[in-house]
Amino acid sequence: MNTLQLDPRTKLFLILLCVLCAMFSPSLLFQFVLVALIGLLAVVSGKWKYALRGVAAYALICLFTTWCMGVMTGTWRTMFVAFLGLLHKVYACGMLAGIVISTTKVGEFLSAMARLHFPKKLTIPIAVMLRYLPTIREDWHFIKDAMRLRDVSPSLLGFLKAPAMTVNCIYVPLLTAASKAADELSIASVTRGIENPKPRTCLVEIRMRKTDWLAIVFFTAFLALELIWKVVG
Amino acid sequence: MIEFRNVSFSYPNSKDGCLKNINLTIPDGQCVLLCGRSGCGKTTLTRLINGLIPQFFTGEVTGEVLLNGENIFQLPMYRIAEKVGSVFQNPRTQFFNVDTDSEIAFGIENQALPHDELKARVKQTAEELHIQKLLGRNIFALSGGEKQKIAFASVYTMKPEIMLLDEPSSNLDMSAIVELQKHLKLIKSQGKTVIVAEHRLYYLMNVVDRILYLENGSITGDYSPKQFRALNSAKRCTMGLRTVDLCKERPLYFAAPHATPVLELRNVALSYEKKTVLHNISLQAGHGEVIAVVGHNGAGKTTFSRTLCGLHKECFGEYLWNGKTQKPKARMKRSYMVMQDVNYQLFAESVGAECTFGIKQPNIPLAEKTLSELGLAPYRNHHPNTLSGGQKQRLAAATSMVCGKELLLFDEPTSGLDYDSMVRLAALIQKLSGMGKVIFIVTHDYEFVCRTCTRILHFGGGQIQNDLSVTEENLPKIKSIFNVG
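Quick caveat, the model's predicted, so the values are computed rather than measured.

Asks: When you look at the interface of chain A and chain B in this model, what are you seeing that I'm missing?
Replies: Where interface size is quoted, it is often the accessible area lost as the parts come together. Taken residue by residue, the interface counts 52 residues in chain A and 63 residues in chain B. Taken together, both faces of the contact between chain A and chain B bury some 5,200 Å²; the carbon and sulfur share is 60%. Of all residues in chain A, Arg 150, Arg 192 and Leu 203 of chain A bury the most surface against chain B, accounting for 19% of the area lost on that side. The tally of links from chain A across to chain B stands at eight salt bridges. Among the ionic pairs, Glu 354 of chain B bridges to Arg 150 of chain A, the shortest N-O distance being 2.8 Å. Across the contact surface, chain A and chain B share 23 residue pairs in polar contact (both at pLDDT 80 or more). For the side of chain A that touches chain B, the secondary-structure elements that each account for two or more residues are α5 (106-115), α6 (120-149) and α8 (163-190) of chain A. The greatest single-element share of the side of chain A that touches chain B, amounting to 17 residues, is contributed by α8 of chain A. In terms of residue class, the side of chain A that touches chain B is made up of 26 nonpolar, 10 polar and 16 charged.

Below you can see the structure in the form of structure tokens.
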């Protein structure tokens, strides 16, 4: 099945729109529709499981929130409402960011940023970071093995029993691996001319397609609806 | 043409890897091997050619390096990158994209070639290097050898005049090394200048035109392949160089008459994510046996090793120690793995503390004794990260000795080690074997196997293909497993 491929520039713009939508959201219902909309985006991008999990988790949070508002009183209520309020504001953006990061190729990102005339000093570190994220998962497998061989349990229970030791066992090798990987990645990129000032091209064609405009129209319409609702309501 | 004129360099805060007064001319189209001990300066020399020094690694530089008459120090990195392509040791951290096509195009995308040409070049590269079947794949799912091929292809696509390779074979198995050799011959035939810094020399002997030997930052030997091959092995060993001809290597230890078995596997099958990786494994091993575990990438060596140590749980069949069935937890208590990248398993802030890390009532005298036996006592208060690769391995082995582990597993221990470190590691393994430990070594390194192992366990097709004691009769078969001769 053909999955939706959006232009990296569209994705950035969608994140911006999403932040605005979350900010101006007039009610919980709107928040939920926004998350559902992002879920839909995930589905057409070929990320079924991600969409399902994201929306289901958010539904639970919404239920919990309404329950809190109805039943709780006093300090507990204030505390939970404050915490949940924050969660509601960032949830949608976090979910969208997850989709963006997992569907954007590093090269594609760099080329799109070059089109937008973003300075390379800014985009190269972000590209290295994007590339570094998946290596953490590989590192984690090795570190888990190493910990177990030393009789340190890499589980929640182990953490509760000996928090300092567990944290130490994770962050020391992770940090060592990270600094090495970052150096090697940078070297591999500068020796292949990443700093070339010419506007970078890309094997994957970068252009705004109908679907890009469609996605932007959808999210903008949603934002407009929110604003109208606020004014009218 | 590359010219070094009176070049000296030193890294800040380190004596290793400095260069002293280098004068060197490498004409176009020459294929040069740089060799010498770890820290002799061969990597530094390559960094002066690809511009990483002084632009990425700073330090004190004097003299000048000329590339076709132009001073490299005055060229920006991206201009050097158009002429000099570099391939590095670790395939894991050399790629920037998730899919192979984009990765191969990465360099030429930076050069801003038009879209149609990008496509044509990627296709051409894949054809010339015979890697069409790697196109359109997820890089994270490739083996180390395949990743290295993609790294090579990405640089090749940029069509540089000069190709630099820094220990490219470190993480490759025998068959991947053969393919690397083919690729080197190909670029040489295209008239490119090729410079390889390496510890493993045998696969380069009929590729290179010239061999430079570095010692403490100076070039002290400049040989033709013929002169180099004529060096006798005693001389080569004092120079700290690994073998030039695997065929001449012979096992040092032959299998002793069977010791009483302590470890026994009965009809063990292993699966990974519900798919069977290995089945029908039965074997016995006694105290002091040193067993090489060999096989192609994906043959199940990693799963097998992790199972021995109790780290892998999808395991069916019987695992016995001294005749008693062992649960994964008990196996984990008894065994230790020295990982390929030992950095993952060093946790403490000093070498001394590392030895007793995580032990509730540590035996301090034993830790001290172990450290001095392994030559690590002088570094007691150093941070583990400041040690060399070989020293880190010894430290990891030391921790296993302090914990009293009885089964030891080494995963590709010789990758990136020079001759001296390899010899020291072989001595350590002999010592551990003498203490009665059961030792497994996952390796592709025939030279190292000759120096340590008494038995070869060969995996293939989801099972044990061969289980051979190292004896005179078995030697031809062992050689064929390692592609030697």
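From this point, the discussion proceeds with the structure in view.
Asks: Any chance you could explain the pattern of salt bridges here in plain terms?
Replies: A side chain of one charge can pair with a side chain of the opposite charge when the charged atoms of the two come close. Under the counting rule described, the total for this entry stands at 29 salt bridges over all chains. Between Glu 264 of chain B and Arg 266 of chain B there is a salt bridge, with its nearest N and O atoms 3.1 Å apart. Relative accessible area serves as the criterion here: at 19%, Glu 264 of chain B is assigned to the buried category. When salt bridges that share partners are traced, they join Glu 138 and Asp 139 of chain A together with Arg 92 of chain B into one network.

Asks: Honestly, the pairing of strand β8 (residues 193-197) of chain B in this entry has me stumped. Any pointers?
Replies: Working note: regular strand, side chains alternate between the two faces of the sheet. All names here are of chain B. Within β8, five of the five residues are buried, leaving the element largely enclosed by the surrounding structure. Side chains Thr 193, Ile 195 and Ala 197 project from β8 onto one buried face, and the interleaved Val 194 and Val 196 project onto a second face that is buried too. Pairing between strand β3 (residues 31-35) and β8: four bridges, direction parallel. Residue pairing across strands places Val 32 opposite Ile 195, the latter belonging to β8. Bridge count between strand β7 (residues 162-166) and β8: five bridges; the pairing is parallel. Pairing of Ile 162 across the sheet is with Thr 193, part of β8. In this region the chain leaves β7, passes through helix α7 (residues 174-189) and returns to the parallel neighbour β8; the handedness of that crossover is right-handed.

Rules of the game
- Residues numbered from 1 in each chain as written.
- Chains lettered and ligands numbered in written order.
- Predicted model: local features only at pLDDT ≥ 70, side-chain atom pairs only at ≥ 80, totals over all residues.
- Heavy atoms only, no water.
- Contact = heavy atoms within 4.5 Å.
- Buried area = accessible area lost by both parts, 1.4 Å probe.
- Salt bridge = Lys/Arg side-chain N within 4 Å of Asp/Glu carboxyl O.
- Polar contact = N/O pair within 3.5 Å; in protein donor to acceptor, adjacent residues only side chain to side chain.
- Helix = DSSP H or I, 4+ residues; strand = E, 2+ residues; numbered from the N terminus.
- Nonpolar A, V, L, I, M, F, W, Y, C, P; charged D, E, K, R; others polar.
- Buried < 20%, exposed > 50% of the residue type's maximum accessible area, 1.4 Å probe, protein only.
- Pairing = 2+ DSSP bridges.
- Right-handed = clockwise from strand over helix to strand, strands pointing away.

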